[in-house]
Amino acid sequence: MTPAAIRLRGVFALLFALCAVSAAATAADGDRVLWPESERAFVDDGPGWLLSDQERRALAAMDASERTAWIRAFLARDPVPETPENELEQGIERRRRLVLGELATFLDDRARLLFLHGEPVERLPILCDQTFEPLEIWWYGPRESSLGYVLYQPRQGQPYRLWLPLDSKRVLYGGEMERWLEEVAQITGGRRGPRFDRRLCRQTDVVDRVTGVDGLFGYRENRPTNDRVLAILAPPADLGAWARTAAATPLPEPPEALAVTAPPEVYFPEAKDQRLVARLVLRLPEPAALEVFRENERAEVRLKVDGVVERAGDLFEEFHVRYQVPVAGEPSGSLALLLDRLLRPDESFLVRLKIRDEIGGAEAHATLGFRVPGAPQLAVDLPADVTVARGVDVEPERVPGVDSLIIIPPETDVVLGLWRVETLMSGARIRKVVFLLDGKPQFTRSQPPFQTELRLAKYPTEHVVRVEGYDSSNQLVAFDEVILNQQRGQLEVRIIEPQRGDELGPSVRAKASIVIPEERKLEKVEFLVDDQVRATLARPPWEADIEVPAMAAQTDVHYLTVAAYLDDGTRAEDVQFLSSPEFVEEVQVDLVELYTTIEGNPPAELTKEEFSVFEDGRPQEIVKFELVRDLPITIGVSIDTSGSMIQSLGEAKRAAIDFLESMITPKDQAFAVSFSNHPVLLMTRTSDVGAVAAALGDLHAVGNTALYDSVVTSLYYFRGVRGRRALVLLSDGEDTASTIAFKDALDYARRSGVVIYTIGLNIGVTALGVRDKLNTLAAETGGRSFYISKALDLSGVYGTIEEELRSQYLIAYSSDAPHSSRGFRAVEVKTKGRWKARTISGYYP
């Protein structure tokens, strides 16, 4: 619809002598909307929040004359008599301006907080539309030591509400997310695993912390109470202190005031369906003050009205109307803006308007309360010199229903063997789902349920699983990705291929391994040849085809660099020569470090000369030697929680906790894993022994025994960790549930470089198969096996392990093996005395 301005000549049935409705003409004591505007605004638009409940009840019971006198007396009160100003009046005015500068209605709980307390110290919008309803978190003190207040929008277009614990956390989640969380809980049987909403929203932890609820059901002991949250809405205990603070409220420079006849006028010319047209008229007595937009032959005044309609204390409607009024020369005479709304008859409404000159920037605010009659009313004459303008409703953008396809993340960080990919879907367009592994299509599903099983690499390997949803025209509608087995730890880049000594052609497939810190995000990985970027990747696999430059001269040197960049600007790289002159010798400086335990009650300290090191039978030169007692250590504890442990688990937990509390110092780290049908990470690496102890204390015995899966999973949690590392593994029986074979678990253990201590609980001497596997795991990694008949003996075992770990020798050498030798290299450490040295059986370069 094109806006029009109509110059009225003569009589036009438009205005309001008999039918215009004003708040004063129809006021009723029982309907605050119809009170005089100043009195209604006192109760609803700020000052009423300064009153106690008793004062509000008393004010509501007064008749019109009593109420008027009481409000005048309150506003004339000067709670700070020692100053010439009335800080109460000034504070009310400034806090109202603070609210109206940001919000369209005082129904919003953010308005109440702004009026009572001013701007918060910190305001955090939660930008996760797919996870939460629109949320903001406000703090009126330091985030670490003060209560955070969650303000949320229950429905689109509605005012924000202050979240109360009584509301439950469900109201904060978007409708689809709440349903998905419940579906995931049903699918997984409530088992422990990565939080689904946390993967989609990095701000979930903040919402958890402020609400005191993890996800939907994880209630924390120190969660806020209703009374603590509601206290923020209480009237000030000291009105004088509030007035002084409010009167000093900083405000931005206000826009120029736009002259508008107040209050607006309203009449009801016709009925439409079951509603009446409420025609609001805004008069601008001085249109000459408006800025004129001029373009070629066109000249016009541009105005916009933003408004809300309130009914019975709720938001009924929000609207935006734009006016483009043509003018000839300079604007003159009076201008009336007509604004039609369809409202229910025999009900009262409050309309709040903000009128803005879109060219000059001047603004005005107006409010009108009225009651819609039961039938249309006649209109009367309007002066002939009034220019009447009708506007065009500007519809707010509506977000259409979203077609989404989401992968339910795995229950653990380490995924082995077959992984069932299950998805959640919303919307109606998706007709086909394609499952991809590392960019290669694996399966296609054309009807629900959209799920499949993917065969993963034998060992824990970074994989990208992607699902793509297509419509009936084979157009991509939605997709989702998850990274499995993502390596976490100290930032590290290592070039896997090509390796030293490889014969290279004109091109080569370069591969790298990237370890990322737990709390950081990887921005990109670059593959460079001679410092020139050849490929940039944002996700695994970290592989790229690169061209190998030819050697144009005998002095040419060409090299490959792989560099990883984190979101905080941190960078790490690895470099590998691709080609170099014959006279340039590449020196391998990597040291093989052997943490060695001495058996047989040796003296307090042995010397370097009493040790010999052999690799594949060849003697090696020891270049580093020391007795280590205080070097940091990382310890993993893996406890069998299968059903057969029901009688022993309580004592096993206590002994493990005692061991960690005795062993771990502030510079050490520990983590805990349990295993029955599958391994579960109970607590990630931390120096907080109390956190690990709390995680161990919540275990229950049920299910089968996935022993080998637990070995591989636990060792994977050492990824990216350097220095001394040890895994303590407790089990009471044969493996009955693993997806990985023992020989593969043993091979992975050899590659890990982690010493393993195995503890067999109540495993008889005739159980040769179980004992042989536990013995082999320990011996091949430089650890030790223990067998006990009852859990009460665990404290002695843990004491022995602690004693060994606190008194080891660090022996290092540079291998003399050729670069091309890539198989397993057997290692042996010998002493000249009667003592026996125990270390890893070998390593893979």
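The rules behind these values
- Residues numbered from 1 in each chain as written.
- Predicted model: local features only at pLDDT ≥ 70, side-chain atom pairs only at ≥ 80, totals over all residues.
- Heavy atoms only, no water.
- Helix = DSSP H or I, 4+ residues; strand = E, 2+ residues; numbered from the N terminus.
- Buried < 20%, exposed > 50% of the residue type's maximum accessible area, 1.4 Å probe, protein only.
- Contact = heavy atoms within 4.5 Å.
- Areas by Shrake-Rupley, 256 points an atom, 1.4 Å probe, with all protein chains shown as cover.
- Pairing = 2+ DSSP bridges.
- Axes fitted to C-alpha atoms, helices over the stretch in contact; angles between N-to-C directions.
- Disulfide = S-S within 2.5 Å.
- Salt bridge = Lys/Arg side-chain N within 4 Å of Asp/Glu carboxyl O.
- Core = buried A, V, L, I, M, F, W, Y, C linked by side-chain atoms within 4.5 Å.
- pLDDT = per-residue confidence, 0-100.
- Parallel < 35°, antiparallel > 145°, perpendicular 65-115°, else oblique.
- Left-handed = near helix turned anticlockwise from the far one by under 90°.
- Nonpolar A, V, L, I, M, F, W, Y, C, P; charged D, E, K, R; others polar.
- Polar contact = N/O pair within 3.5 Å; in protein donor to acceptor, adjacent residues only side chain to side chain.

Novice: In this structure, what is going on with the overall build of the protein? I would like to understand it.
Specialist: Regarding its fold elements, the protein presents 16 helices and 46 strands. Classification of the 845 residues of the protein by burial places 48% in the buried group. Sequence separation of 24 or more characterises 68% of the internal contacts of the protein that already satisfy a separation of 6 or more. By element, 49% of the accessible surface of the protein is carried by carbon and sulfur atoms, the whole surface being about 40,400 Å².

Novice: Is there a simple way to think about the sheet that holds strand E44 (residues 825–831) in this case?
Specialist: What holds strands together in a sheet is hydrogen bonding between their backbones, with the strands either parallel or antiparallel. Ordered by their spatial adjacency, four strands build an open sheet running E35-E34-E44-E46, and the pairing between neighbours is antiparallel. The open sheet terminates on both sides in strands that have one partner only, identified here as strand E35 (618–620) and strand E46 (842–843). Pairing geometry for strand E34 (residues 611–615) and E35, over three bridges, is antiparallel. Note that in E35 the partner of Val613 across the bridge is Gln620.

Novice: Can you help me understand the environment of Ala362 in this one?
Specialist: Of note, Ala362 is situated in the loop between strand E15 (348–357) and strand E16 (363–371). Residue classification places Ala362 among the buried residues on the basis of a relative accessible area of 8%. Along the sequence, Ala362 and Glu256 sit 106 residues apart, while their C-alpha atoms lie 4.5 Å from each other. With near-sequence residues (within four places) excluded, Ala362 lies in contact with Glu256, Ala257, Leu258, Ile355, Arg356 and Asp357.

Novice: How do you make sense of the sheet that holds strand E32 (residues 571–579) when you look at a structure like this?
Specialist: Ordered in space as E29-E28-E31-E32, the four strands form an open sheet in which the pairing is antiparallel. Only two strands of the sheet have a single neighbouring strand rather than two, namely strand E29 (532–537) and E32. Averaged over all neighbouring strand pairs, the angle between strand axes comes to 20°, with direction disregarded. Alignment of strand E28 (residues 522–529) against E29, held across five bridges, turns out to be antiparallel. In the sheet register, Glu526 faces E29, and the bridge partner there is Thr536.

Novice: Can you help me understand the state of the cysteines in this one?
Specialist: When the sulfur atoms of two cysteines share a covalent bond, that bond is a disulfide. For the coordinates displayed, the defined rule picks out one disulfide. Paired through a disulfide, Cys128 and Cys201 show a sulfur-sulfur distance of 2.0 Å. Around the S-S axis, the bridge from Cys128 to Cys201 shows a dihedral of about 70° and counts as right-handed. Linking Cys128 in the loop between strand E2 (122–126) and strand E3 (135–139) with Cys201 in the loop between helix H7 (196–200) and helix H8 (204–211), this pair joins segments that are 73 residues apart in sequence. Like Cys201, Cys128 is buried.

Novice: Looking at this model, I keep getting lost on the pattern of salt bridges. Mind explaining?
Specialist: Proximity of charged atoms lets side chains of opposite charge pair with each other. A full pass over the atoms with the stated rule returns 50 salt bridges. Between Glu178 and Arg170 there is a salt bridge; the shortest N-O distance is 2.9 Å. Here Glu178 falls in the partly exposed class, since its relative accessible area comes to 22%. In this structure, the salt-bridge partner of Arg220 is Asp214, at a minimum N-O distance of 2.7 Å. The exposure class assigned to Arg220 is partly exposed, which follows from its relative accessible area of 28%. We classify Asp214 as partly exposed; its relative accessible area is 28%. Salt bridges sharing common partners tie together Arg32, Glu37, Arg40, Asp44, Asp45, Glu310 and Arg352.

Novice: Any chance you could explain the nonpolar core here in plain terms?
Specialist: Most often, soluble globular proteins keep nonpolar side chains buried together rather than apart. Ranked by size, the top nonpolar core spans 39 residues in total, and within it Ile635, Leu660, Leu696, Ile759, Leu794, Tyr798 and Ile801 carry the most contacts. No other element matches the eight residues that helix H11 (residues 649–663) contributes to this core. Leaving out residues up to four positions away in the same chain, Ile635 has contacts with Phe659, Leu660, Met663, Ile664, Gln669, Ala670, Phe671, Phe718, Ala726 and Leu805.

Novice: Can you help me understand the confidence of the model for the protein in this one?
Specialist: One rule of thumb: low pLDDT means the predicted coordinates there are not for detailed reading. Residues at a pLDDT of 70 or more form 90% of the protein, whose mean pLDDT is 85. A low-confidence stretch, residues 397–401 stays under pLDDT 50, and its non-local contacts, those more than four residues away or across chains, total three contacts. Here residues 583–588 is modelled with pLDDT under 50, and outside its nearest four sequence neighbours on either side it reaches nine contacts, counting other chains as well.

Novice: How should I be thinking about unusual backbone geometry in this particular structure?
Specialist: Note that the residue after Glu497, namely Pro498, is joined by a cis bond; omega there is -5°. With respect to the secondary-structure elements, Pro498 resides in the loop between strand E26 (492–497) and strand E27 (507–515). Look at the link from Pro540 to Pro541: it is a cis peptide, with omega at 0°. Structurally, Pro541 is set in the loop between E29 and strand E30 (543–547).

Novice: How should I be thinking about the packing of helix H14 (residues 742–752) against helix H15 (residues 768–781) in this particular structure?
Specialist: The description of two helices packed together rests on the angle between their axes and the distance between the axes. Their axes nearest at 9 Å, the elements H14 and H15 cross at an angle of 20°. One finds that H14 runs roughly parallel with respect to H15. Judged by the twist between their axes, the crossing of H14 over H15 is right-handed. Contact residues: H14 offers Phe742, Leu746, Ala749 and Arg750, while H15 offers Lys773, Thr776, Leu777, Glu780 and Thr781. When the residues that make up the contact of H14 with H15 are grouped by side-chain class, the tally is four nonpolar, two polar and three charged.

Novice: How should I be thinking about the side chain of Thr105 in this particular structure?
Specialist: Inspection of the secondary structure assignment puts Thr105 in the loop between helix H4 (87–100) and helix H5 (109–117). Owing to a relative accessible area of 7%, Thr105 belongs among the buried residues under this scheme. At 3.0 Å, the side chain of Thr105 and the backbone nitrogen of Leu107 are in polar contact. Within polar-contact distance, the side chain of Thr105 engages the side chain of Glu310 at 2.7 Å. Here Thr105 is in contact with Ala111, Val308, Glu310 and Arg352, once residues within four sequence places are set aside.

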